[in-house]
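# Chain and residue survey
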Amino acid sequence: MRQLTLNRVVVTGMGAVTPIGNTVKEFEEGLYSGRNGIGPITQFDTSEHSVKLAAEVRNLDFDAFVEPRMQKRMDRFTLLAMVAAAEALEHSNLLSNGNPDRDRIGVIVGSGIGGIGTFEEQYVRMQKRGPRHVSPLFVPMMISDIATGYVSIEYGLKGPNFSIVSACATASNSIGEAYRNIQVGSADAMVAGGAEAPVTPASVAGFTSMRAMTRNPDPETACRPFDAGRDGFIMGEGSGILVLESLEYAQDRGANILGELVGYGATGDAYHITAPAEGGEGAVRAMRLAIKGAGIEPKDVGYINAHGTSTLFNDKNETTAIKTVFGEHAHNGLIVSSTKSMTGHLMGASGGVEAIASLLALKRQEIPPTIHYRESDPECDLNYSPNEPTLHTFDYAVSNTFGFGGHNAVLTLKRFTE
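Here's what I pulled together on the structure shown here. (Residues numbered from 1 in each chain as written. Predicted model: local features only at pLDDT ≥ 70, side-chain atom pairs only at ≥ 80, totals over all residues. Heavy atoms only, no water.)

### A few points about helix α7 (residues 170-183)
Going by this rule: Helix and strand assignments come from DSSP, with helices taken as H or I runs of at least 4 residues and strands as E runs of at least 2, each series counted from the N terminus. The span expected for a helix works out to 1.5 Å for each residue beyond the first. Only protein chains enter the area calculation, which uses a 1.4 Å probe; residues under 20% of their type maximum are buried, those over 50% are exposed, and those in between are partly exposed.
With 14 residues, α7 ought to run about 20 Å at 1.5 Å a step, and its terminal C-alpha atoms sit 20 Å apart, in line with that. Across the 14 residues of α7, 12 count as buried, placing the element largely inside the fold. Phi turns positive, to about 90 degrees, at Gly185, one or two residues after α7.

Put into structure tokens, the structure is as follows:
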């Protein structure tokens with residue numbers, strides 16, 4: 001039987017809309033200055049809510065990207081995806097260089113929650129005015145796949161086109177499945193990532209009732225991954241999208257290559273709907289798959305962009321999982337950080353934004369900090385690049401994302417060499 005030759009997959013474009021910057025450049029500046037994107041919620045009245053903080057996208061002019069008429073047809077999560085996709089595609093020069101075969105360019109942009117803001121708004125309208133007053137656009141604005149649909153329509157991209165929903169692992173799964181499509185030749189290029197806009201009354205109330213979110217009202221101490229005083233995550237919103245291409249396709253068109261995606265691991269805990277498996281067992285398997293797929297050893301990894309949510313169980317279990325996979329290297333040469341300390345938890349968008357953070361770290365040879373870190377936890381005893389960036393020489397980075405339902409998705413990224 002003839003063995004399939006897998007294509008190498010490279011990154012040629014990045015788009016980021018985050019609480020610490022509305023472009024990749026602004027995001028990079030925010031990461032390395034330790035900018036705190038957490039503040040009082042402005043999108044609704046929190047007077048009856050015990051959680052008052054979130055990490056919101058601010059000062060973003062949607063008119064520069066989407067016609068006002070069309071904005072009325074899109075939930076906020078779709079708008080965020082459209083902005084990030086526009087930057088990623090412009091950055092890549094994919095569509096303006098020659099005449100690309102758009103049948104061979106696909107889109108996978110996921111969302112963990114989808115149009116929750118639209119859902120809440122239309123439900124209130126129905127309760128107040130009756131079912132006949134529900135918008136005919138309600139369903140297409142709400143469904144999680146619609147961002148993928150709009151991006152493909154806007155740019156005429158007719159390759160593999162679908163959406164992944166795996167809670168907070170969504171964007172990493174989306175990037176990973178796009179990677180696989182290019183590896184096996186189903187597409188020449190893919191636009192992939194995630195978008196989320198969950199800062200809504202019911203969403204915040206629901207996560208608060210689960211006791212997953214911190215009720216700490218101080219933006220400077222509320223989100224502190226791996227710190228002994230952590231007591232819950234801070235909700236965030238945004239979008240992170242990559243343009244991926246086969247190496248051959250990118251080189252043929254003279255693309256600027258930003259990094260290489262070399263490994264992807266996806267596993268299930270089969271344990272609990274919200275709690276991670278004991279010892280991070282599912283995370284261990286996902287990291288091992290992502291490292292094995294890259295054809296490297298654990299000791300070759302220099303940086304882990306951790307899931308690092310600032311919850312008691314995640315941070316402890318993720319630390320345990322990292323020590324299980326990396327052994328002595330976890331304490332000697334490996335640096336871990338949680339950029340959620342700055343952006344909050346972007347849920348289904350996390351993996352896209354954090355893959356970008358990992359690529360920037362590889363480019364700069366500098367690890368972004370875990371800000372708000374004050375007191376060490378004996379159960380979280382790794383080098384978390386506390387409060388300041390760390391200069392570091394390394395060629396491989398791992399990005400971890402884990403979601404409710406026991407979803408684990410891990411990406412291995414590499415500094416590009418021929």
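### A few points about the sheet that holds strand β6 (residues 238-246)
Test applied: Two strands pair if DSSP finds at least two bridges between them. All axes here are fitted lines through C-alpha atoms, helices being fitted over the stretch that makes contact, and every angle between N-to-C directions spans 0 to 180 degrees.
The sheet built from nine strands is open, its strands ordered β4-β5-β6-β1-β7-β13-β12-β8-β9 with mixed pairing. The sheet terminates laterally at β4 (105-110) and β9 (335-337), the two strands that pair on one side only. Strand-to-strand twist of the sheet, defined as the mean angle between neighbouring strand axes without regard to direction, takes the value 25 degrees. As paired elements, strand β1 (residues 9-17) and β6 share eight bridges and run antiparallel to each other. Residue pairing for β6: Ala16 is matched across the bridge by Gly240.

### Side note on the pairing of strand β13 (residues 407-414)
Looking along a regular strand, one sees side chains alternate from face to face of the sheet. Counting buried positions along β13 gives seven out of eight residues, so the element sits mostly inside the fold. Relative to β13, strand β7 (residues 259-268) runs antiparallel, the two sharing eight bridges. Within the sheet, the bridge partner assigned to Gly268 lies in β13 and is His407. Pairing of strand β12 (residues 396-403) with β13 involves eight bridges; the strand directions are antiparallel. Residue Phe402 lies in a different strand from β13, and its bridge partner there is Asn408. Here β12 folds back onto β13, and the loop between the two strands holds three residues, one of which, Gly405, carries a positive phi near 100 degrees.

### Details of the environment of Asn408
We count it as follows: Contacts between residues were defined by any pair of non-hydrogen atoms, one from each residue, lying within 4.5 Å.
Inspection of the secondary structure assignment puts Asn408 in strand β13. Classification of Asn408 as buried rests on a relative accessible area of 4%. Once the C-alpha coordinates of Asn408 and Leu382 are considered, the two residues, 26 residues apart in sequence, prove to be 21 Å apart. Apart from residues no more than four positions distant in its own chain, Asn408 is found in contact with Gly265, Ala266, Thr267, Gly268, Asp269, Gly282, Ala283, Ala286, Thr401 and Phe402.

### Overview of the packing of aromatic side chains
Worth spelling out the cut-off: Aromatic contacts are taken between Phe, Tyr and Trp rings whose centres are within 6.5 Å, Trp giving its six-membered ring; a plane angle under 30 degrees counts as stacked, one over 60 as edge-to-face, and the others as tilted.
If you walk through the whole model with that rule in mind, you get six aromatic pairs. For the pair Phe119 and Phe138, a centre-to-centre distance of 6.0 Å together with 45 degrees between the ring planes defines the contact as tilted. Of this pair, Phe119 sits in helix α4 (residues 116-129) while Phe138 is found in helix α5 (residues 138-142), placing the two residues 19 residues apart along the sequence. Arranged with centres 4.1 Å apart and planes meeting at 10 degrees, the rings of Phe226 and Tyr384 form a pair that is stacked. Taken together, the residues span a long stretch of sequence, with Phe226 in the loop between α8 (201-209) and β6 and Tyr384 in the loop between β10 (366-367) and β11 (390-391) at a distance of 158 residues. With a relative accessible area of 1%, Tyr384 lands in the buried category.

### Things to note about the side chain of Asp269
Going by this rule: Just so you know, the count uses Lys and Arg for positive and Asp and Glu for negative, and it drops His and the chain ends. One speaks of a salt bridge when a side-chain nitrogen belonging to Lys or Arg is within 4 Å of a carboxyl oxygen belonging to Asp or Glu. Polar contact is the term for a pair of N or O atoms within 3.5 Å; when the atoms are in protein, one must be able to donate a hydrogen and the other to accept it, and sequence-neighboring residues count only if both atoms are side-chain atoms.
Mapped onto the elements, Asp269 comes out in the loop between β7 and α10 (281-293). No salt bridge is formed by the buried Asp269. Its closest oppositely charged neighbour is Arg285, at 5.1 Å. Among the polar contacts made by the side chain of Asp269, one reaches the side chain of Asn408 at a distance of 2.8 Å. Not counting chain neighbours up to four residues away, the residues in contact with Asp269 comprise Ala275, Pro276, Ala277, Gly282, Ala283, Gly406 and Asn408.

### With respect to the nonpolar core
Quick reminder of the rule: Working definition of a nonpolar core: buried Ala, Val, Leu, Ile, Met, Phe, Trp, Tyr and Cys residues. They are joined through side-chain atoms within 4.5 Å.
Judged by nonpolar contacts, the single largest core of 43 residues is most densely connected at Met14, Phe27, Leu31, Ile175, Leu242, Leu244 and Ile356. Listed by contribution, the elements that provide at least two residues to this core are β1, α1 (24-33), α7, β5 (189-196), β6, β7, α13 (350-364) and β13. Among the elements that line this core, the one with the most residues is α13, at eight residues. Aside from chain neighbours lying at most four places away, what touches Met14 is Val24, Glu87, Ala88, His91, Ile241, Leu242, Leu258, Ile356, Leu359 and Leu360. Leu60, Phe77, Val83 and Tyr150 belong to the second-largest nonpolar core, a separate cluster that totals 35 residues.

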